[in-house]
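Read off the chains here:
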Amino acid sequence: MLREPAAFAAAPVWFAVFPDCPSAATAAARLRPLADRCLPHPSGRPLLLGRWPGAQEAAETVCTAGAGGTVLALIGQQGAGTAALERAAARVRTTEAAAESASGVPGSFHLVASVDGRVRVQGTLSGLRRVYATEVAGATVAADRADILAYLTGSGFDDRRLALRLLSPTLLHPLTDEPVWRGVRCVPPGHFLLYEQQGRAREVRHWSPPDPRVPLAEGAPALHAALRDAIAARTTGRAVISSDLSGLDSTSLCCLAAREEKTRVVAFTAASPDPLDDDVMWALRTAKAVPGIEHHLVPYEEMPTIYEGLPQLREPFDEPCAVIADHARWLALTHRAAAAGSAVHLAGFGGDELLIASAAHLRTLLRRSPLAATRTLRAYAAANRWRPGHVLRQLRTRESYRDWLESVAGSLTDPPPPPDRPALSWGEPPRLAPWATADAADAVRELIREAAPDAEPVSASPGGHDDLTGLRYAAGPLRQIGQLALRGGTALAAPYCDDAVLDAALAVRPDHRRAPGSYKPLLVEAVRGTVPEEILTGRTKSITNSNPDAALRAHRAQLATLWEDSRLADSGLIDTAALRDLCAGPLQHHPHDLHSGLYQTLACELWLRSLEQRPAALDQPAGTPITDEETRP
């Protein structure tokens, strides 16, 4: 099944990249009627076609510059500015030099560089800014959305790849990195796409994870500088910016933003009915202690619940959105941010994944520093009630990543391991929900076993692999929730997913990022003096949530309408009778994580439905088309 081109064409921001050669004309001609912006190569052929705002004060911008045979474009949230980019374009003579000139620019953005007929397309290390590619009429075309390329090739989605999205968590490199569309590939984060002059492109690695040996005393100032620059990239030139103010991650961002003298910070905290959730108390104390924060407490009664507003949602994402069940809660804050005049909203996405090192680093620490590893292991085991025998067996194993994938294929339908048996290998083994059909399980096993013989981890160490894949897993839904927020006029900003912030944090020793008896010690030291001391020393991670059981009970009837005529069931991937029985019965003591599996199932079901229907938002008129001459840098 294909998506109607009007769907992605009406997305707030999108673009496709074309090589500077005659063979790209076929793809460019097909896409041009759907685009309202065009940036040409120096030759005059299209380099970029798509949709993006023209004003530099917009939340997501395309900053361009050109000189001689060079055109540079930074697409996203960046702190370069047109003048600096023009100076860079004047001195750049190779695509490598173009990347070097952009490497010092803070923020989160795609880089597109056309230099004397060669083109470089690069996303971010976290995967928040992705690059997809396919071949059309002999030329490689890249885009920031996979469905654009599926439209150009006329391909539909792959049922087996869709079945992978039913995994919980949907975190299985490299399989879940790939789009659900046939014939479209994802350029791995840490790689760029390089077009040669004949129009074909190859993937080139430009980054590898740092060897984490930097001590806390050295790493904390580096992280502070990276976060400070990341905030400045979003605040410069803005009178107002908004922020979450809840956990330590968002509190740190909010306090850093409040230091920007020319920008007013509007902060939002969602109240909770749970008396054990102390986020509100800490938020109130922070707002009182830090000048420049205008704090808004959103009453619990005004916050949507999980599973609210789903049957009517038809947003055209290019793949299933893993947190779609919670979208109304996110939008409740970004809509308030837009009403307050904020075009950019800071969120702590990725903070947990980046700042709490994986427990699998114990395997490396055991080799490098046995005494320190033993002390750390004992503290972890006592705090989390880990079963000693299981932990020792995991630490002794020399299981390769390929072997681990094979074991995942064999345990897809098993109950998840109990909490006293932590995953100290290559990550948490994903599971399929009990309502997934045997055909779905067979399809996922087949894909895993096909990929396993050639699969390589993203880092040589299990801990490093788990850190990076976890961060990329967190970045994926942000890309999609950000699309929804941007329709309302506010872009979500996630500084913890910025390249410079990621590099600074991952270079620090894992046992200095995660230490028994302390909470996020690297972040605490990095923002000491910026965040009030009592906030740093007095709080921990809140373990309460928005009560998914109560939300499911409240929205059972609405969700039932989705299962009565399920597109996933039509594809043979879920058993709706089993799903209805589980959701209608008692919600406690399930052998599987009911809500995690339900999140993934809803993500796939709503995505399939979005292929069939034109959302009301897509009936809005597109922007005024801009000619090549008007967008020439």
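In what follows, the accompanying structure is described.

Examining the overall build of the chain
Thought 1: Regarding its fold elements, the chain presents 26 helices and 19 strands.
Thought 2: By principal-axis analysis of the C-alpha atoms, the chain measures approximately 65 × 55 × 50 Å.
Thought 3: Taking all 633 residues of the chain together, the buried fraction comes to 58%.
Thought 4: Within the chain, contacts between residues separated by at least 24 positions form 74% of all contacts whose residues are at least 6 apart in sequence.
Thought 5: For the chain, the accessible surface area stands at approximately 24,600 Å², while carbon and sulfur atoms represent 52% of it.

Some details on the sheet that holds strand β4 (residues 61–67)
Thought 1: On the basis of which strands lie adjacent, the open sheet formed by 6 strands has the order β4-β5-β6-β7-β12-β13 and antiparallel pairing. At either margin of the open sheet sits one strand with a lone partner, and together these are β4 and β13 (201–205). Ignoring which end each strand starts from, the neighbouring axes of this sheet average 20 degrees apart.
Thought 2: Bridge count for β4 against strand β5 (residues 70–78) is 7 bridges, and the pairing is antiparallel.

Some words on the layout of surface pockets
Thought 1: In this structure, the second largest pocket encloses a volume near 590 Å³.
Thought 2: Residue lining of the second largest pocket: 35 residues in total, with Pro212, His361, Thr364, Arg368 and Pro510 positioned closest to the centre.
Thought 3: Put simply, the parts of the chain that give the lining of the second largest pocket at least two residues each are α12 (362–368), α13 (370–384), α17 (462–487) and α19 (510–513).
Thought 4: Sort the elements by how many residues they give to the lining of the second largest pocket and α12 lands first, with 6 residues.
Thought 5: For the lining of the second largest pocket, the per-class residue count stands at 14 nonpolar, 9 polar and 12 charged.

Describing the packing of helix α10 (residues 327–339) against α17
Thought 1: Packing of α10 against α17 leaves a shortest axis separation of 10 Å and a crossing angle of 45 degrees. One way to sum up the angle between α10 and α17 is to call them oblique. The interaxial crossing formed by α10 with α17 has right-handed handedness. The segment α10 lies against α17, with His327, Trp330, Leu331 and Thr334 engaging Ile481, Leu484 and Ala485.
Thought 2: Classifying every residue of the contact of α10 with α17 gives 5 nonpolar, 2 polar and no charged.

Considerations on the nonpolar core
Here is a general trend for soluble globular proteins: nonpolar side chains tend to be buried in one another's company.
Thought 1: Within the largest apolar cluster, 168 residues are counted, with the highest numbers of intra-cluster contacts made by Val17, Leu31, Leu48, Tyr307 and Leu598.
Thought 2: Ranked by residue count, the leading element in this core is helix α25 (residues 594–610), at 9 residues.
Thought 3: Look past the residues within four positions of Val17 in its chain and what remains in contact with it is Leu47, Leu48, Val112, Val119, Val121, Thr140, Val141, Ala142 and Tyr195.
Thought 4: Leu72, Phe109, Leu111 and Ala113 belong to the second-largest nonpolar core, a separate cluster that totals 17 residues.

Points about the side chain of His173
Thought 1: Structurally, the position occupied by His173 is in the loop between β10 (167–168) and β11 (185–186).
Thought 2: Not counting chain neighbours up to four residues away, the residues in contact with His173 comprise Tyr401, Leu405, Glu456, Pro457, Val458, His465 and Thr469.

Criteria and cut-off values
- Residues numbered from 1 in each chain as written.
- Predicted model: local features only at pLDDT ≥ 70, side-chain atom pairs only at ≥ 80, totals over all residues.
- Heavy atoms only, no water.
- Helix = DSSP H or I, 4+ residues; strand = E, 2+ residues; numbered from the N terminus.
- Buried < 20%, exposed > 50% of the residue type's maximum accessible area, 1.4 Å probe, protein only.
- Contact = heavy atoms within 4.5 Å.
- Areas by Shrake-Rupley, 256 points an atom, 1.4 Å probe, with all protein chains shown as cover.
- Pairing = 2+ DSSP bridges.
- Axes fitted to C-alpha atoms, helices over the stretch in contact; angles between N-to-C directions.
- 1 Å grid on protein atoms, 1.4 Å probe; cavity = no way out; pocket = protein on both sides within 12 Å on 5 of 7 lines; lining within 4 Å.
- Points joined across faces, edges and corners; volume = space filled by probe spheres on them.
- Nonpolar A, V, L, I, M, F, W, Y, C, P; charged D, E, K, R; others polar.
- Parallel < 35°, antiparallel > 145°, perpendicular 65-115°, else oblique.
- Left-handed = near helix turned anticlockwise from the far one by under 90°.
- Core = buried A, V, L, I, M, F, W, Y, C linked by side-chain atoms within 4.5 Å.

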